[in-house]
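Each chain is listed here by its residues.
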Amino acid sequence: MSYLTKAAPVIFVLLWSTGFIGSKLGAPYIDPMVFLTVRFFAVLPILLLLAFFLTKAWPVTPIAILHCLVTGMLVHGIYLGGIFWAIKQGMPAGASSIIVGLQPVLTALIAVLLLGETISRKHWISMVIGGVGLLLVLGPKFDISGTGITTITVAVALVAVVAISLGTVYQKRFAVKTDLLAATIWQYVGALLVTTPLSMFESWHIIWSGELVFALVWLVLVLSVGAVLLLMLLIREGAVSQVASLFYLVPVATAVESYFLFNETLTLVQIAGMALIIGAVLVIRQTPKKV
């Protein structure tokens, strides 16, 4: 487990960053809440099968199950639902990524208030530097043309970021002692409590193209199983503010992947921003956070 814990940050960033690519492939063929509902329903049998062989203790008290449900509603249901919906309404991916980039700072602030984590001056400065790097990486992709950036879409995206920030802290505070796999299963049940009712307001007309099938399989196996289990492991093993800093690296990985997969350009300014982000995250993860 120690080797997995050491490698988990790098693996998590690489896996999580592919979520944006998978969502981009599937979005034209299915509505966002329907997409997420199908995805969450699809992942449950896989996790249950794994749990049958690997899980030794399930949460049995109502309060333990409730904590898992709340975490899932925040981290998966509201966060992913909000971001998917905003992008579907026309918000440019670059704009939504910049809003999502607020997460490390928000999570650190909430962790200070609710968990008593100590954030050093060096840590705060590194987060600011990481934020500057994020703007440099995403700046060339920022586009305000069209009607996608509205009060509603921005508000929904902000609510989504607050939700995952709260959910990350909530997981650390209330659900850390629950078996990792069992907790994740209950989290997806919580996510379905959010997305399933909302999907009833959308069209369930699904175009089962090759791109959608590939995207769904990828998002279920790589993101909803692999990346999410790694995220829960990272939250359990480390300070929440440290874990949150990893999300600065996600746009870096996505930009590099898009360069190779979609022939998107990488400018010197973006590369400089990547260097700032990587340096900032390395400093943050080397800084002790607990009293």
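The written sequence of each chain sets the order in which its residues are numbered from 1. Selection of residues for local features in this predicted model requires a pLDDT of at least 70, selection of side-chain atom pairs for listing and counting requires 80 or more, and totals for whole chains, interfaces and linings are taken over all residues. To obtain the side-chain values, all non-hydrogen atoms of the structure were used and water was disregarded.

Colleague: Would you take a moment to explain the environment of Ile83 for this structure?
Modeller: Position of Ile83 relative to the elements: it lies in helix α3 (residues 62-88). Each residue gets one of three labels from its accessible area relative to the maximum for its type: buried under 20%, exposed over 50%, partly exposed in between, using a 1.4 Å probe on protein chains only. With a relative accessible area of 6%, Ile83 lands in the buried category. Between the alpha carbons of Ile83 and Gly139 there is a distance of 19 Å; along the sequence they are 56 residues apart. Two residues form a contact once any of their heavy atoms are found within 4.5 Å. Once you skip the residues sitting within four places of it in the chain, Ile83 turns out to touch Val100, Ala157 and Ala160. Counting from the N terminus, the helices are DSSP H or I runs at least four residues long and the strands are E runs at least two residues long.

Colleague: Could you clarify how one ought to interpret the side chain of Thr195 in this entry?
Modeller: Its place among the elements puts Thr195 in helix α8 (residues 180-199). Other than its neighbours up to four places away in sequence, Thr195 contacts Met33, Leu36, Thr37, Phe40 and Gly77.

Colleague: Please clarify how the packing of helix α7 (residues 151-174) against helix α9 (residues 210-237) should be interpreted in this entry.
Modeller: A pair of packed helices can be characterised by two numbers: the angle between their axes and the separation between those axes. It is at 9 Å that the axes of α7 and α9 come closest, and there the two elements cross at 60°. Viewed along their axes, α7 and α9 adopt a mutual orientation that is oblique. Read as a crossing pair, α7 and α9 show a hand that is right-handed. Note on element contacts: α9 touches α7 through Met232, Ile235, Arg236 and Glu237, opposite Thr168, Gln171 and Lys172. Orientation is described by lines fitted to C-alpha atoms, with helices fitted over the stretch in contact, and by angles between N-to-C directions that extend from 0 to 180 degrees. The labels follow the angle: roughly parallel below 35 degrees, roughly antiparallel above 145, roughly perpendicular from 65 to 115, and oblique for the rest. Here a crossing is called left-handed whenever its near helix is offset anticlockwise from the far helix by less than a right angle, and right-handed whenever the offset is clockwise.

Colleague: Mind showing me how you'd approach the confidence of the model for the chain here?
Modeller: As a general rule, the predicted coordinates of low-pLDDT regions are not to be interpreted in detail. Known as pLDDT, the predictor's per-residue confidence is scaled from 0 to 100. Considering every residue of the chain, the mean pLDDT works out to 83; 90% of them sit at 70 or more. Of all helices and strands in the chain, the one with the weakest mean pLDDT is helix α4 (residues 93-100) (69), whereas α8 scores best (94).

Colleague: Just checking my understanding: could you explain the packing of aromatic side chains for this structure?
Modeller: Aromatic rings considered in pairs are described by the distance between their centres and by the relative angle of their planes. Each Phe, Tyr or Trp ring, with Trp reduced to its six-membered ring, pairs with another whose centre is within 6.5 Å; inter-plane angles below 30 degrees give stacked pairs, above 60 give edge-to-face pairs, and intermediate values give tilted ones. A complete count under the given rule lists 6 aromatic pairs for this structure. Plain terms: the ring middles of Phe40 and Tyr188 are 5.5 Å apart, the flat faces sit at 40° to each other, and that makes the pair tilted. Within this pair, whereas Phe40 is found in helix α2 (residues 32-54), its partner Tyr188 is found in helix α8, the two being separated by 148 residues in sequence. On the basis of relative accessibility, which here comes to 0%, the residue Phe40 falls in the buried class. When the ring of Phe52 is compared with that of Phe53, the centres are 5.1 Å apart and the planes differ by 90°; the resulting orientation is edge-to-face.

Colleague: What exactly am I supposed to notice about α3 here?
Modeller: Residues three or four positions apart in an α-helix share a direction because the helix packs 3.6 residues into each turn. A helix is expected to span 1.5 Å for every residue after the first. With 27 residues, α3 should cover 39 Å at 1.5 Å per step; its first-to-last C-alpha distance of 36 Å lies within 8% of that length. In this scheme, the bend at a residue equals the angle between the axes fitted to the seven residues that finish there and the seven that begin there. A maximum bend of about 35° is found in α3 at Met73. One or two residues past the end of α3 sits Gly90, with phi positive at roughly 110°.

Colleague: I tried to follow α8 on my own but got confused; where do I start?
Modeller: The terminal C-alpha atoms of α8 lie 28 Å apart, and with 20 residues this matches the ideal 28 Å at 1.5 Å per residue to within 8%. Along its length, α8 shows its largest kink, about 30°, at Leu192. If you check the start of α8, you find a side-chain oxygen 3.2 Å away from the backbone N of Leu181, and it comes from Asp179. Whenever a nitrogen or oxygen atom comes within 3.5 Å of another N or O atom, the pair is scored as a polar contact, on the condition that within protein one atom can donate a hydrogen and the other can accept it, and that pairs from neighbouring residues in sequence are kept only if both atoms are in side chains.

Colleague: Looking at this structure, how should I read the environment of Leu69?
Modeller: Locating Leu69 in the fold gives a position in helix α3. Residues Leu69 and Ala183, spaced 114 residues apart in sequence, show a C-alpha to C-alpha distance of 8.5 Å.

Colleague: Just checking my understanding: could you explain the nonpolar core for this structure?
Modeller: For soluble globular proteins, the rule of thumb is that nonpolar side chains tend to be buried together. In these notes, a set of buried Ala, Val, Leu, Ile, Met, Phe, Trp, Tyr and Cys residues joined through side-chain atoms within 4.5 Å is what counts as a nonpolar core. Judged by nonpolar contacts, the single largest core of 69 residues is most densely connected at Phe12, Trp16, Phe35, Leu47, Tyr79, Leu231 and Ile277. The element best represented in this core is α9, accounting for 17 residues. The contacts of Leu231, once residues within four sequence positions are left out, are Phe12, Trp16, Val243 and Phe247.

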